[in-house]
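Here is what each chain is made of, one letter per residue.
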Amino acid sequence: MISGYVKNGKVLDARKVFDTMPVRNVVSWTAMLTGYVRCGDLDEARRFFDAISSKNIVCWNAMLSGYVSSGRMREARELFDVMPVKNCVTWATMIEGWFCKGVVSEAEDLFGRAPDKSVLVFNAMLSGYAERGDVGAAYKLFTGMCKRDVASWTSVIKCCLKNGELGRARGLFNEMPKKDVVVWTVMIRGYLDNNLIEEARKLFDDMPHRDVVTWNCMISGYVQNGMLRDALELFRDMPERNIVSWNSILQGYVQEKDMVQARSFFEEMPQKDRTSWNTMISGDQNEGALVLYVLMLQTGLQPDQGTLSSIMSACGTLAVHGFGRAVHASVVKIGYETDAMVTSTIISMYSKCGLLNDSVSMFERMVNRDTVTWNAIIVAHAYAGSAIEALNLFRRMIQYGFRPDNVTFLGLLVACSHSGMVDEGLNYFMSMERDWNLIPRAEHFACMIDLLGRSGYLFEAYELVKQLPVDLPTHTWEILLSSCRVHNNYELAERVMQNLSCIKRPNTGTGVLLSNIYAARGMWNDTEIIRTSLEHNGFKKELACSWIEMKGQIYCFVYRDKSHPQAEYIKKELESLSVVMKEPGLRIH
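In the annotation of an unreviewed UniProt entry, the entry for the protein chain reads Tetratricopeptide-like helical domain-containing protein, and the organism field reads Heracleum sosnowskyi.

1. Digging into the layout of surface pockets
Estimated volume of the second largest pocket: approximately 320 Å³. Together, 15 residues line the second largest pocket, and Ser348, Lys352, Val379, Tyr383 and Val407 are the ones closest to its centre. Contributions of two or more residues to the lining of the second largest pocket are made by helix H23 (340-352), helix H25 (371-383) and helix H27 (406-419). The element contributing the most residues to the lining of the second largest pocket is H25, with six residues. Counted by class, the lining of the second largest pocket contains nine nonpolar, five polar and one charged residues.

2. Some details on the packing of helix H3 (residues 26-38) against helix H4 (residues 42-51)
Orientation of H3 relative to H4, taken along the N-to-C sense of each, is 165 degrees, at an axis distance of 8 Å. One element, H3, and the other, H4, form an angle in the roughly antiparallel class. Of the two possible hands of crossing, H3 and H4 adopt the one that is left-handed. Along its contact with H3, which presents Trp29, Met32, Leu33, Tyr36 and Val37, the element H4 presents Leu42, Glu44, Ala45, Phe48, Phe49 and Ala51. Here the residues of the contact of H3 with H4 are counted per class, giving 10 nonpolar, no polar and one charged.

3. Some words on the pattern of salt bridges
Applying the stated criterion across every chain, the model contains 21 salt bridges. Where Asp109 meets Arg113, a salt bridge forms, and the shortest distance between an N and an O atom there is 3.4 Å. Pair noted here: Asp109 and Arg113 are both in helix H8 (residues 104-113), with a separation of four residues, about one helical turn. Asp109 gets classed as partly exposed once you look at its relative accessible area, which sits at 37%. Among the charged side chains, a network of salt bridges with common partners joins Arg15, Asp19, Glu44 and Arg47.

4. Points about a nonpolar patch on the surface
The grouping of Leu574, Leu577 and Met581 at the surface amounts to a nonpolar patch, some 310 Å² of accessible area in total. Mapped onto the elements of the fold, Leu577 is located in helix H35 (residues 567-581). Taking the relative accessible area as the measure of exposure, Leu577 reaches 48% and is therefore partly exposed.

5. Concerning the UniProt feature "repeat: PPR" (unreviewed entry) in the protein chain
Feature annotation in UniProt places "repeat: PPR" (unreviewed entry) on residues 25-55, 56-90, 118-148, 149-183, 211-245 and 370-404, given in this structure's numbering. Helix makes up 74% of residues 370-404 and strand 0%, with an end-to-end C-alpha separation of 10 Å.

Rules used in this analysis
- Residues numbered from 1 in each chain as written.
- Predicted model: local features only at pLDDT ≥ 70, side-chain atom pairs only at ≥ 80, totals over all residues.
- Heavy atoms only, no water.
- 1 Å grid on protein atoms, 1.4 Å probe; cavity = no way out; pocket = protein on both sides within 12 Å on 5 of 7 lines; lining within 4 Å.
- Points joined across faces, edges and corners; volume = space filled by probe spheres on them.
- Helix = DSSP H or I, 4+ residues; strand = E, 2+ residues; numbered from the N terminus.
- Nonpolar A, V, L, I, M, F, W, Y, C, P; charged D, E, K, R; others polar.
- Axes fitted to C-alpha atoms, helices over the stretch in contact; angles between N-to-C directions.
- Parallel < 35°, antiparallel > 145°, perpendicular 65-115°, else oblique.
- Left-handed = near helix turned anticlockwise from the far one by under 90°.
- Contact = heavy atoms within 4.5 Å.
- Salt bridge = Lys/Arg side-chain N within 4 Å of Asp/Glu carboxyl O.
- Buried < 20%, exposed > 50% of the residue type's maximum accessible area, 1.4 Å probe, protein only.
- Patch = residues over 30% accessible without salt bridge, like charges linked within 9 Å, V, L, I, M, F, W, Y side chains within 5 Å.
- Areas by Shrake-Rupley, 256 points an atom, 1.4 Å probe, with all protein chains shown as cover.
- UniProt positions renumbered as here; feature names shortened; annotations may be inferred.

And the structure:
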């Protein structure tokens, strides 16, 4: 009974049974000890351990395993040193613990001193090397083994795959005398991680037996590589599905930004876990995300860091600070206010809602900061137009020993762009690769071209955009074209348009921009050609949308939208305001 309760995570029920036992033996005590270890209550586990009068090797190993799995290696080592008897499980547990802590020298020292180097002990070393990707050490150890089991082969194959040595991994896989479903799945995952989809599928089809994990592995691989249709075909063919299968397909729809199908699929799911809700909330960064969050809470599921970060991001996008403050209160209540990922999104949320002081206050209260947190506050100041403060924060970040990344420099370039700080922007752009070994991405080029274009340095922007790698997006050409229009440089605009027409078909934004440039020059025939082409290809300009949050409810307004229940009343009020605003002598503040 105790063992059954423990296996099902019901340690309090197990304790009630234990306390009512008329006679207890070492098995009873060890079962309860294991229960406390599994639920992470190591202090209570240690009290039980100390109370056992005649301890056997199982008791010692259970307590040792608890310390190791919790990362408390100092206490594990103290226990290990006083153990009267050690077996291969003892040595393997300690070796795994040191590898998890990254202290390879201690693991190697223990392995060298182990009196009985069984397959289990060898496998602990192999697994450790595999997780580190040390293929040289793993292969050397593997070839020196007198006896190997499936786990030995699997570890060395996994190590080769992690290092990108697919040929060696496949060679070992082919040599393997007996293969189980795990090693087949590991090999398939290796191909998928290296974008070798056809090889993975061929191996999948050749498998003599597949379990649900293998099916999920293949489906997930298709989804990660943007092959949702193939994933769906496989999903329909599955003999049995679990929550992971459903979540993978849901993720595929969200990746494709097909939120209508995602919502339909979400409703079909026989069961939903936190991952399902998080996927939907992160995909729907509009008012739908807020509705989903409330529905999730009503199911009784507790939000995690992913949920809270996604919903905070949605609040920032929608600029609904009332809802955002309510979620912030939940963050404090649950105890995630020290989590860097969550607090970074809170900082961003307040800044996007125009509450920069709240962002700063949140940042200054933080005890544990990381690069993501610094990035959040730098970007907050950048978009608020506080360029000098953003640059000062960057200097503080460096002084405190944090290393900037691509997001940091994006924030700096945005700050410089919004404030017309050309020299500073160029300096930061050049320092990315020169000082920090960071290769500028498309978004960094876009920021620099925007900065130069806004400031009238059109020729310099043109020279920079020509340096763009061919595989980067063409959005930067459109930014330059917009700058040409602002500064009335139609000669350069012609050259930019020629480049754009060679690279891609005009989309709605580019088409409207081109037609406006032609119209400004009085080229009405060309203007009409562009607009006719847009209509012929079905391009339509997206309607702008504005919204306001009142008493916890969000009201959206779209041009000519009559779906609002109070549309007529709103229209009359606007007409009244228009009359008042046109009165002579009225000053509007």
